[in-house]
Amino acid sequence: MIDRRDFLKGCLACSVTAASISVVGKDAFAAGSFEGYPDAMGVLVDLTRCVGCRSCEAACNNEQKLPDPDLPFDDQSVFKEERRTTDKAYTVVNKYEIADKDTLFRKMQCNHCNEPACLTSCFVNAYTKTKEGAVIYNSKVCVGCRNCMIACPFNIPAYSYSSPTNPLIKKCIFCYDTRLKNGRPPACVEICPQQVMTFGHRSDLLAIGHERIKNDPAKYVNKVYGEKEVGGTSWMYLSSVDFDKVGLDNHMQNEPIISNVKDFLGMVPMVLSIWPALFTGIHLLATKNKGEHGDHDHEEGDQQ
Amino acid sequence: MKQYLTSNSDVQIVDSLRTDNDRGRRWTLMEKLFMGLTLQQYIAQAIRNPFNWFLALIFAIGFPVIIGRFIFGLEWATGGPQSNAWGLFLGFGLFGMVPLSSSGFQMGSAVEVFGRHDMEPLERLGILNGILGYFFAVIFLMVDLGQPWRLPYPMVVSWGPASVLFLVAWHVATYLSVQAAEMSTPFFEWMGWPAGRTVIKKMALGLAVAGIILSTLHQGALGALSSYAPGKIHPLWYSSSFQWLYFFVSSLPGGLCMVIVVSTIVIKTMAWRCDDNFKLNLDKLHISLAKGASMGLFTYFVIRMVGVAHDNKWAYLATGWGTWWMFEIGVGVILSMILLTVGARNKNLTLIRLGAWTTILGVILNRLNVYLITFNWKHGEIEIPPWREFMITITIYCVYIATYRFILYRWPVLFRWKTKYGEYTVLDAKTGAKPAVSEL
């Protein structure tokens, strides 16, 4: 990812000499997607184990020093409607009633994509994908355009709209500052009484996920959600029902979101290089026989 | 103003050197600002115009709301939507106004690049429409950004060059400068600075070509921005391959039709300000613009259909969203195309002007559909912005109209500045200073 982003930077900066760069560009694009940092950590969430106790929400609230919730964390009435992450809650648990099956709960938080849409859509580069796998945010440069909220395929980033002077993006950062940096699992994983979440290297987690499916194919849907979705995510899910039924889009593209705009961005240096000559040429053709070098004005001859 | 001039036919409007007892003297800046009227006369004509009362009413309600947005924050003004992060300010103010402002580069390039000098009476209006649209799109952006004081950050503090929005920011900033340079010609004439005007004139071709480049890219980029949200925007309004082309191509008829609409309003409400060159050529030019716009609309229609076919989205047409899509295409594109084509063919200006309106509304509806109405269509509910958001949007749009009118009343956009530079030279010769044209 770093390579491509640097490449794109080069494209814009060196647009004048873009012809040669874009030849390189094709190879760079053909090289495929960024697969994630080799030592990136992740979390495997096994939805079949979750009982909806919401202790992860409480732990997150405490760890990230978020404001007190409107209803206490042991209040089950919040399950009446589907909630999303907000500037006051970086993770929320939702309840899904499945016909003929048990009720399932799913915790949602930032999935920490390998090639995050929030990061690649940000025009001030406020996001960073750390080598540990976390997608973190630099509040010092954020302008508040909220393009990341538009771009995030999981609808995770929230904005503290209520602050008039310092509104910011608020989202799960994998407890990067306080825990992940030091090799510790995030607060929600540690507190979970059901061991719903397994913390580890992403590559190991993938193996564990597939192993569980293999050992009990009747229990699980044969898919680790997040393995391929939008280029792969650090947080991944196992489920006993179709992922659509627990609020995860089953038709998510496998390419990272930035691949949708690559063609357009690749065209930019071409337009910058070709258009000047093209349109100056058209001008010469169009005005060839129309008087002295096409000069004209609102006030013809006023300076003679 | 029109009524006022009808009843006070001896009033002298600034368009050259003074012709009354001070014959030959230059107008002072204050006289130019009041268009040659005295303060009392100016106020008298302003009060008599009912549109000013309408503006006053909007501003009286709207300005406190805008101030409130900065004191109490965005949540107070827009409700702070977490899932539909972009509301009316961007959906209408940025994504709606920018395509309608493509007139600047189109009129500029028609005259300067393609040598269509018959378009000249509308060139300056087209460019003014362009720069004001962009400028107010930035104003809308300033109201919408969480921290507008950080607007220069993508330029100077932190670069995110892989982002489409980064490209938009740079291009809109650059293009605003290009348009400011193009628009400075009438400003220099109005101020009486012939030297500046001469310099800009020499750059005309370069500026026009820069306008084409920057417009191609950022009009397209506004569409490419929506490619970040596959699955959120309804498939009928989404195409990762063609989205930037939809936005770019539809901006072309949008901009041309905006010139038709604005010049129609102008000839109906401020004919006193238009010179004969403008008045006599207007019908003919509207027909030319209608031809161009109908070709643009036809191309746009074809590529929208290709998009549906390319991703095989026909099944969606049978849904409720499909009906809404057909309404947008039916009125905004097909009906507009018919009105403009038939109007141009039969030289029926009523049809042309009607078609121009439907084209503009079609373009705005398309942008609202992409970024507001169909956004998060899977969630099933359409977010209706709260009244304060509407009020702020309407207020800023009214400031736009007032600014537009202020400039049209004064700068030589609809008329030629009659002062010959030779006469300036004579005047300045008294003080011994000739305008240093050749030195520049």
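Residues numbered from 1 in each chain as written. Chains lettered and ligands numbered in written order. Predicted model: local features only at pLDDT ≥ 70, side-chain atom pairs only at ≥ 80, totals over all residues. Heavy atoms only, no water.

A. Representation of the pairing of strand S9 (residues 235-238) of chain A within the structure. Residue and element names in this part refer to chain A. Both faces of S9 are covered, namely the face carrying Trp 235 and Tyr 237 and the face carrying Met 236 and Leu 238. By the bridge criterion, four bridges tie strand S1 (residues 41-46) to S9 in an arrangement that is parallel. Counterpart to Asp 46 in the pairing with S9 is Leu 238. (Buried < 20%, exposed > 50% of the residue type's maximum accessible area, 1.4 Å probe, protein only. Helix = DSSP H or I, 4+ residues; strand = E, 2+ residues; numbered from the N terminus. Pairing = 2+ DSSP bridges.)

B. Focus on the interface of chain B and chain A. The partner chain A presents 66 residues to the 75 residues of chain B that form the contact. Both faces considered, chain B and chain A share a buried interface measuring about 6,200 Å² in area, 60% of it formed by carbon and sulfur atoms. In terms of surface lost to chain A, no three residues of chain B exceed Gln82(B), Ala162(B) and Tyr228(B), which account for 12% of the buried area on that side. The interface formed by chain B and chain A contains two salt bridges. The shortest N-O distance in the salt bridge between Asp144(B) and Arg146(A) comes to 3.0 Å. Looking at the side of chain B that touches chain A, the elements that each hand over two or more residues are helix H4 (50-72), helix H5 (74-78), helix H8 (103-112), helix H9 (120-144), helix H10 (153-156), helix H11 (164-191), helix H12 (194-224) and helix H18 (421-430) of chain B. Sort the elements by how many residues they give to the side of chain B that touches chain A and H12(B) lands first, with twelve residues. (Contact = heavy atoms within 4.5 Å. Buried area = accessible area lost by both parts, 1.4 Å probe. Salt bridge = Lys/Arg side-chain N within 4 Å of Asp/Glu carboxyl O.)

C. View of the sheet that holds S1(A). All names here are of chain A. Overall, mixed pairing links the three strands, which are arranged S8-S1-S9 in an open sheet. In the strand order of this sheet, the two ends are held by strand S8 (197-201) and S9, each with one partner. Here the strands of the sheet are splayed against their neighbours by 25° on average, with no regard to which way each runs. (Axes fitted to C-alpha atoms, helices over the stretch in contact; angles between N-to-C directions.)

D. Up close: helix H14 (residues 276-310) of chain B. Residues and elements named next belong to chain B. The end-to-end C-alpha separation of H14 is 50 Å, in line with the 51 Å expected for 35 residues at 1.5 Å each. Along its length, H14 shows its largest kink, about 50°, at Leu 282. Of the residues trailing H14, Asn 312 is marked for its positive phi of about 50°. (Expected span 1.5 Å × (residues − 1). Bend = angle between axes of the 7 residues up to and from the residue.)

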